[in-house]
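Chain by chain, the residues:
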Amino acid sequence: MELSQKAMGISASPTLAIDSKYKEMKAEGIDVIGFGCGEPDFDTPQNIKDAAIKAIVDGQTKYTPASGTLALKKAICAKLLRDNGLTYTPDCIVVSNGAKHALLNAFNAVINPGDEVIVPAPYWVSYTEMIKMADGTPVIIQTKEEDKFKITAKELEDAITPKTKAIVLNSPSNPTGMVYSKEELKEIADVIVKHDLYVIADEIYEKLIYGDYKHYSIASFNEEIKKRTIIINGVSKSYAMTGWRIGFSAATPKITKVMANMQSHAASNPSSVSQVAALEAYQGDQSAVEEMRKKFEQRREFMVNRINSIKGVSCTMPDGAFYVMMNIKELIGKEIQGKVIKNSEDFCSLLLEKSLVALVPGSGFGAEGYVRWSYATSTENIKKGLDRLEQFLS
Ligand code: PMP
Ligand code: GLU
């Protein structure tokens, strides 16, 4: 019996696959260090956990409205005004099972079969697969490391065809850590409005920005771009809440309604208890967010300097998120520990096998010749991992 062609065309998430492999090895007692999965190593702040415990004790353990509780939607609207200067009402918000689910809702809401969706590469692994799940065609724009992996408005305009329906914009970016400036975003927004496209703006790393960079939401420039934007965000990265599975979308009431309708059949509501936790995250004390950001910033400096001191590899300084894309192009075609490295997958497999360091190959991000490190792990692990890399290469 044949399975669905569409389903068989979807590949497994390489970030989650590496993480499972790392966890398996760890459970077997192997001294492996994981830099694969991008997940804050910090614990969820105590005030958030306390709110969730209270919700359980109080019996908030039943179905909620499918698109989320009114209280949480109001708190999200207040967050969007406070942090992004954007005015939304609760009928513009769908609370989902993580930002991932919100993204899938968004692609399903705008794509008709055969529509093209522009995705700048390197991209986060799930965009292309989700676009295919929604019967769309991902169209990749390749960026360059010397341009800090950013697209220009001109490159975007050149990639637009009569079939283009939307573009995915992820700033700060997973996997490159690049952050678009206000001017760069504004130029991109103008092209989107001119060609009447949608933009799916994944802002999940909004709070993790370093140096002088600042986060701007593309929706904030004018009403024309705002009505074409579906903002995706959530609590996973900013509040160290990956396991709670709460994300959200903000868009026009019309787009929001179709997303909410689909979610009501696919998933009912996101966890009632997690919604109370997310409410506390957005409304409660925000100091933990800045404390975690500072720690990430220190680790970033350390990792980048160390990588650039190791012969054969290099990287540019990322301005946000918690990833470093390490350039391994010099090593391709060379023999390391008796094996010829043909690509980023070979490199990662050999590094894992010989030196017990788990990284994600660039191939999954549309970035062959690179491998991704996550610095969402302790400085001690980072030091140990980079020592192992240096030894591996020497
Ligand atoms: N977008 C990006 C760019 C991400 O890195 C992630 C992390 N997996 C997500 C969305 C999904 O986040 P969540 O855990 O809230 O589903
Ligand atoms: N965003 C993280 C990563 O890229 C989590 C894994 C995932 O959801 O893909 O590693």
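Residues numbered from 1 in each chain as written. Chains lettered and ligands numbered in written order. Predicted model: local features only at pLDDT ≥ 70, side-chain atom pairs only at ≥ 80, totals over all residues. Heavy atoms only, no water.

Colleague: Looking at this structure, I do not really get the site of ligand 2. What am I missing?
Modeller: Ligand 2 sits among 13 residues. The nearest are T15, G38, K100, N174 and R372. Within the side chain of T15, a nitrogen or oxygen atom sits 2.6 Å from an oxygen atom of ligand 2. For ligand 2, an oxygen atom lies 3.0 Å from a polar atom in the side chain of K100. Alone, ligand 2 offers 280 Å² of accessible surface; in the complex the protein occludes 90% of this. Of the residues in the shell around ligand 2, the class split is 5 nonpolar, 5 polar and 3 charged. (Near = heavy atom within 4 Å. Polar contact = N/O pair within 3.5 Å; in protein donor to acceptor, adjacent residues only side chain to side chain. Areas by Shrake-Rupley, 256 points an atom, 1.4 Å probe, with all protein chains shown as cover. Nonpolar A, V, L, I, M, F, W, Y, C, P; charged D, E, K, R; others polar.)

Colleague: Explanation requested: the site of ligand 1 in the structure shown.
Modeller: Near ligand 1 there are 14 residues, and of these N174, D202, Y205, S236 and K237 occur at the shortest range. One nitrogen or oxygen atom from the main chain of K100 is found 2.9 Å from an oxygen atom belonging to ligand 1. Between ligand 1 and R245, the relevant distance is 2.7 Å, taken from an oxygen atom to a side-chain nitrogen or oxygen of the residue. Surface burial for ligand 1 is 93%, taken as the share of its 390 Å² of free accessible area covered by protein chains. Element by element, the count of residues in the shell around ligand 1 is highest for helix α5 (residues 98-110), at 4 residues. When its residues are assigned to classes, the shell around ligand 1 shows 6 nonpolar, 4 polar and 4 charged. (Helix = DSSP H or I, 4+ residues; strand = E, 2+ residues; numbered from the N terminus.)

Colleague: Quick question: what am I supposed to make of the pairing of strand β14 (residues 370-374) here?
Modeller: Each regular strand displays side chains that alternate between the two surfaces of the sheet. The element β14 is largely enclosed, with a buried count of 5 among its 5 residues. Neither face of β14 is left uncovered, since the one carrying Y370, R372 and S374 and the one carrying V371 and W373 both have all their residues buried. Relative to β14, strand β9 (residues 323-327) is paired through 5 bridges, and the arrangement is antiparallel. The partner of V324 across the bridge, within β14, is W373. Where strand β13 (residues 360-361) meets β14, 2 bridges bridge the pair, whose relative direction is antiparallel. Counted as the bridge partner of V360 is R372 from β14. (Buried < 20%, exposed > 50% of the residue type's maximum accessible area, 1.4 Å probe, protein only. Pairing = 2+ DSSP bridges.)

Colleague: Teacher, can you tell me more about the sheet that holds strand β2 (residues 93-96) here?
Modeller: Each strand in a sheet pairs with another by means of backbone hydrogen bonds, the pair being arranged parallel or else antiparallel. The strand order across the open sheet formed by 7 strands is β2-β8-β7-β6-β5-β3-β4, and the pairing between neighbours is mixed. For this open sheet the edge positions go to β2 and β4 (137-142), each flanked by a neighbour on one side alone. Shown here is a sheet whose adjacent strand axes are inclined to one another by a mean of 20 degrees, direction ignored. As paired elements, strand β7 (residues 229-234) and strand β8 (residues 247-250) share 4 bridges and run antiparallel to each other. Opposite I232, over in β8, you have S249 as the bridge partner. (Axes fitted to C-alpha atoms, helices over the stretch in contact; angles between N-to-C directions.)

Colleague: I tried to follow the environment of Q5 on my own but got confused; where do I start?
Modeller: Structurally, Q5 is set in helix α1 (residues 5-8). Along the sequence, Q5 and G385 sit 380 residues apart, while their C-alpha atoms lie 40 Å from each other.

Colleague: Whenever I open this one, the sheet that holds β13 confuses me. Can you help?
Modeller: Spatially, β9-β14-β13 is the arrangement adopted by the 3 strands of the open sheet, whose pairing is antiparallel. Sheet topology places β9 and β13 at the edges, where each strand pairs with a single neighbour. In the packing of helix α12 (residues 287-308) onto the sheet, the strands contacted are β9 and β14, and the crossing angle to β9 comes to about 5 degrees. (Contact = heavy atoms within 4.5 Å.)

Colleague: Explanation requested: the state of the cysteines in the structure shown.
Modeller: In protein chemistry, a disulfide is the covalent bond that joins the sulfur atoms of two cysteines. Considering all chains together, one arrives at 0 disulfides under this definition. C37 takes part in no disulfide bond, and the closest cysteine sulfur to it belongs to C348, at a distance of 15 Å. Residue classification places C37 among the partly exposed positions, given a relative accessible area of 21%. The exposure class of C348 is buried, given its relative accessible area of 7%. (Disulfide = S-S within 2.5 Å.)

Colleague: What's the story with the nonpolar core in this structure? I'm lost.
Modeller: Generally speaking, a soluble globular protein has its nonpolar side chains buried in company with each other. The biggest cluster of nonpolar side chains holds 95 residues, and the ones touching the most others in it are F107, I218, F347 and W373. In this structure, W373 is in contact with F35, M303, I307, F322, Y323, V324, M326, V357, L359, G385, L386 and L389, ignoring residues within four places of it in sequence. In this structure, L80, Y239, A277 and A281 belong to the second largest nonpolar core, which totals 28 residues. (Core = buried A, V, L, I, M, F, W, Y, C linked by side-chain atoms within 4.5 Å.)

Colleague: Is there a simple way to explain the packing of α5 against helix α6 (residues 126-133) in this structure?
Modeller: Relative placement of two packed helices is described by the angle separating their axes and the distance separating the axes. Contact geometry of α5 with α6 gives a least axis separation of 9 Å together with a crossing angle of 45 degrees. By the angle class used here, α5 and α6 are oblique. Relative to α6, the crossing made by α5 is right-handed. Between α5 and α6, the contacting residues are K100, L103, L104, F107 and N108 on the first element and S126, Y127, M130, I131 and M133 on the second. Taken together, the residues of the contact of α5 with α6 sort by class into 7 nonpolar, 2 polar and 1 charged. (Parallel < 35°, antiparallel > 145°, perpendicular 65-115°, else oblique. Left-handed = near helix turned anticlockwise from the far one by under 90°.)

Colleague: Explain the packing of helix α3 (residues 46-57) against helix α11 (residues 272-283) to me, please; I cannot follow it from the model alone.
Modeller: Their axes nearest at 8 Å, the elements α3 and α11 cross at an angle of 145 degrees. Seen from above, α3 lies across α11 with right-handed handedness. In this structure, α3 uses N47, I48, A51, A52, A55 and I56 to contact α11, whose residues at the interface are V273, V276, A277, E280 and A281. Residues that form the contact of α3 with α11 fall into these classes: 9 nonpolar, 1 polar and 1 charged.

Colleague: Sorry if this is basic, but what is going on with the pattern of salt bridges here?
Modeller: For side chains of opposite charge, pairing can occur when their charged atoms come near one another. Here the structure, examined in full by the defined rule, presents 30 salt bridges. With a closest N to O distance of 3.8 Å, K354 and E353 form a salt bridge. Take E353: its relative accessible area is 56%, and that puts it in the exposed class. One network of salt bridges, in which partners are shared, links K79, R82, D83, E206 and K207. (Salt bridge = Lys/Arg side-chain N within 4 Å of Asp/Glu carboxyl O.)

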